[in-house]
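# Coordinates in review
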Amino acid sequence: MPTRRNALKNIAAGTAAGAAAGMMSISEVFAKTESVLGAKLNGKINHSVCKWCYGKIPLDTFAQECKKIGITSIELLGPEDWPTLKKYGLTCALPNGAGMGIEKGFNDLALHDELVKSYEDIFPKLKEAGYKTVICFSGNRRGMSDYDGMRNCAVGLRRLMPSAEKHGITMIMELLNSKVNHRDYMCDHTAWGAGLCEMVGSENFKLLYDIYHMSIMEGDVIATIKQYHKYIGHYHTGGVPGRNEIDEGQELYYPAIMKAIVETGFNGFVAQEFIPKREPLASLAQCVKICDIA
C-alpha cells in the first residue's frame, strides 16, 4: 500500500515536466521540500481547511493529520464538533451552525425574524468557544432585483450588528458563483458584496472571497482582491475548472494569488476547499505548500 510520503513524491514528480521556462512551476514550489508533513511553514498564510471535502475521514483522524501538515483550523463545523477541534489544539476559522442554508438568506424579508434568532442564539456559543466569525448567505434571487436584495440583506444584517459587535463576532457572507454551482444565488459578484458591506456599515460584516467561485463568475482575481480587500474577511481556494486540486492541472496560479493577499495586509485565514481527485491527505499537504509562500 502506498504511503502518504510516497504519494506526495509521486505527485510532485509527475507534474515537474510542465514547468514553464522563467517561472517557478507549482511542482517546483512543492518540491522545494521533500514533504510538507512535519515541515515548518513560512507563516505568511494562516492555513485552514473545509471538512466537508474530506467527509469520509473521521474528524478525530482528520484533525491529527491536519496538525502534521501545519494546518491550524478546520472550518464549516458547528458546535457539536468544536470540542474535537479543541482536543487537538485547533481552531475553527469560519464556523457554521446558524441560518437556513445557501438558498434561503437575508435577501428575503419574510425570513428575517427566524434568521436573526438563529444568529443571536449562536453568538454567545461562538464567544464562549473563542471563535470570532460565522458564515452567512444572501439567498437566491427568485426574481428580485440586485438592489432590492441588497437593501433587504442590509435590513436584516443591521438588526444583528449590535449583538455581533457585543460578542465580538464578524458575520462573513460567502460570494458564490451562480453560473455553474449555485444557480440564482444573489451574492455572486464582489462589487455587489462590497456594496452590501457599505450599506450595513459595520466592521463586523465582511465577505468570504471564494477564489474558485469568483474566478468563474468574474475573473481578474488579483486585481479584484486588491480593489476590494478591505471588505474581505476570509478566503477559500479551489482549482478552476472542477474545484479540484490547485496544482498545475487547473488555470489559476495560486502562489501569485497568495502573494497578492499578503500584500493587502490580510492576517486572517485561507482555507483549502477543493475536492481531492487523488489521495486526499497527500493532495491537501501539497496544496497547503503551494499556498505557503515565502
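Residues numbered from 1 in each chain as written. Predicted model: local features only at pLDDT ≥ 70, side-chain atom pairs only at ≥ 80, totals over all residues. Heavy atoms only, no water.

## Considering the sheet that holds strand β4 (residues 170–174)
Within a beta sheet, neighbouring strands are joined by backbone hydrogen bonds and run either parallel or antiparallel to one another. The 7 strands are arranged β2-β1-β7-β6-β5-β4-β3 in an open sheet whose pairing can be described as parallel. Each edge of the sheet is formed by a strand with only one pairing partner; in this case those strands are β2 (73–75) and β3 (133–136). Strand-to-strand twist in this sheet, taken as the mean axis angle between neighbours without regard to direction, amounts to 30 degrees. Sheet analysis places strand β1 (residues 46–50) next to β2, joined by 3 bridges and oriented parallel. Its bridge partner being in β2, Val 49 is matched across the sheet by Ile 74. Strands β4 and β5 (205–210) of the sheet are contacted by helix α6 (residues 146–167), whose axis makes an angle of about 155 degrees with β4. (Pairing = 2+ DSSP bridges. Helix = DSSP H or I, 4+ residues; strand = E, 2+ residues; numbered from the N terminus. Axes fitted to C-alpha atoms, helices over the stretch in contact; angles between N-to-C directions. Contact = heavy atoms within 4.5 Å.)

## Some details on the side chain of Thr 84
Along the polypeptide, Thr 84 turns up in helix α4 (residues 82–87). Here Thr 84 falls in the buried class, since its relative accessible area comes to 16%. Excluding anything up to four places from it in sequence, Thr 84 contacts Leu 59 and Asp 60. (Buried < 20%, exposed > 50% of the residue type's maximum accessible area, 1.4 Å probe, protein only.)

## A closer look at helix α10 (residues 254–263)
Along α10, the residues classified as buried are Tyr 254, Pro 255, Ile 257, Met 258, Ala 260 and Ile 261. Positive phi shows up at Gly 265, right after α10, with a value of about 90 degrees.

## So, the pattern of salt bridges
Pairing between side chains of opposite charge can happen when their charged atoms approach one another. Considering all chains together, one arrives at 12 salt bridges under this definition. One salt bridge connects Lys 87 with Asp 60, and the closest N-O pair in it is separated by 2.7 Å. With Lys 87 in helix α4 and Asp 60 in helix α3 (residues 59–69), this pair connects stretches of sequence that are 27 residues apart. With a relative accessible area of 55%, Lys 87 lands in the exposed category. Among the ionic pairs, Glu 203 bridges to Lys 206, the shortest N-O distance being 3.0 Å. Overall, the relative accessible area of 58% leaves Glu 203 in the exposed class. (Salt bridge = Lys/Arg side-chain N within 4 Å of Asp/Glu carboxyl O.)

## Things to note about empty space enclosed by the protein
Any empty space left between atoms is shown by rolling a water-sized probe over those atoms. In this structure the tally under the stated criterion is 1 cavity of 30 Å³ or more. The space that makes up the largest cavity amounts to roughly 30 Å³. A breakdown of the residues in the lining of the largest cavity according to their chemical character gives 5 nonpolar, 3 polar and 1 charged. (1 Å grid on protein atoms, 1.4 Å probe; cavity = no way out; pocket = protein on both sides within 12 Å on 5 of 7 lines; lining within 4 Å. Points joined across faces, edges and corners; volume = space filled by probe spheres on them. Nonpolar A, V, L, I, M, F, W, Y, C, P; charged D, E, K, R; others polar.)

## So, the confidence of the model for the protein chain
Scored by pLDDT, the protein chain has a mean of 90; 87% of the residues are at 70 or more. Counted against residues more than four places away or in other chains, residues 1–24, with its pLDDT under 50, gives 31 contacts. Note that residues 32–38 has pLDDT below 50 and, in this model, 17 contacts with residues that lie over four places away or in other chains. (pLDDT = per-residue confidence, 0-100.)

## Details of the packing of α6 against helix α7 (residues 190–200)
Taken N-terminus to C-terminus, the directions of α6 and α7 make an angle of 45 degrees; their axes are 9 Å apart at the nearest point. When the axes of α6 and α7 are compared, the pair comes out oblique. The two elements α6 and α7 meet at a crossing, and its hand is right-handed. Along the contact surface, α6 presents Asp 146, Tyr 147, Gly 149, Met 150, Arg 151, Cys 153, Ala 154, Leu 157, Arg 158 and Met 161, while α7 presents Trp 192, Gly 195, Leu 196, Met 199 and Val 200. Its residues assigned to classes, the contact of α6 with α7 shows 10 nonpolar, 2 polar and 3 charged. (Parallel < 35°, antiparallel > 145°, perpendicular 65-115°, else oblique. Left-handed = near helix turned anticlockwise from the far one by under 90°.)

## Examining α6
Over its 22 residues, α6 runs 30 Å from end to end, which matches the ideal 32 Å to within 8%, given 1.5 Å per residue. For α6, the principal kink sits at Met 161 and spans about 40 degrees; a proline, Pro 162, occurs within the next four residues. The set of residues buried in α6 consists of Gly 149, Met 150, Asn 152, Cys 153, Ala 154, Gly 156, Leu 157, Leu 160, Met 161, Ser 163, Ala 164 and His 167. Residues of α6 that are buried in the fold lie against α5 (112–129), β4, α7 and β5. Downstream of α6 by a residue or two, Gly 168 has a phi angle that is positive, lying close to 70 degrees. (Expected span 1.5 Å × (residues − 1). Bend = angle between axes of the 7 residues up to and from the residue.)

## Describing the state of the cysteines
Under the criterion given, the structure shown has 0 disulfides. The cysteine Cys 153 is free of any disulfide, with Cys 187 supplying the nearest cysteine sulfur at 7.6 Å. (Disulfide = S-S within 2.5 Å.)

## Some details on the side chain of Asp 188
Inspection of the secondary structure puts Asp 188 in the loop between β4 and α7. Since its relative accessible area comes to 4%, Asp 188 is described here as buried. Among the polar contacts listed, one links the side chain of Asp 188 to the side chain of Ser 178, at a separation of 2.6 Å. Not counting residues within four places of it along the chain, the set of residues in contact with Asp 188 comprises Arg 141, Leu 176, Ser 178, Met 214 and Met 217. (Polar contact = N/O pair within 3.5 Å; in protein donor to acceptor, adjacent residues only side chain to side chain.)

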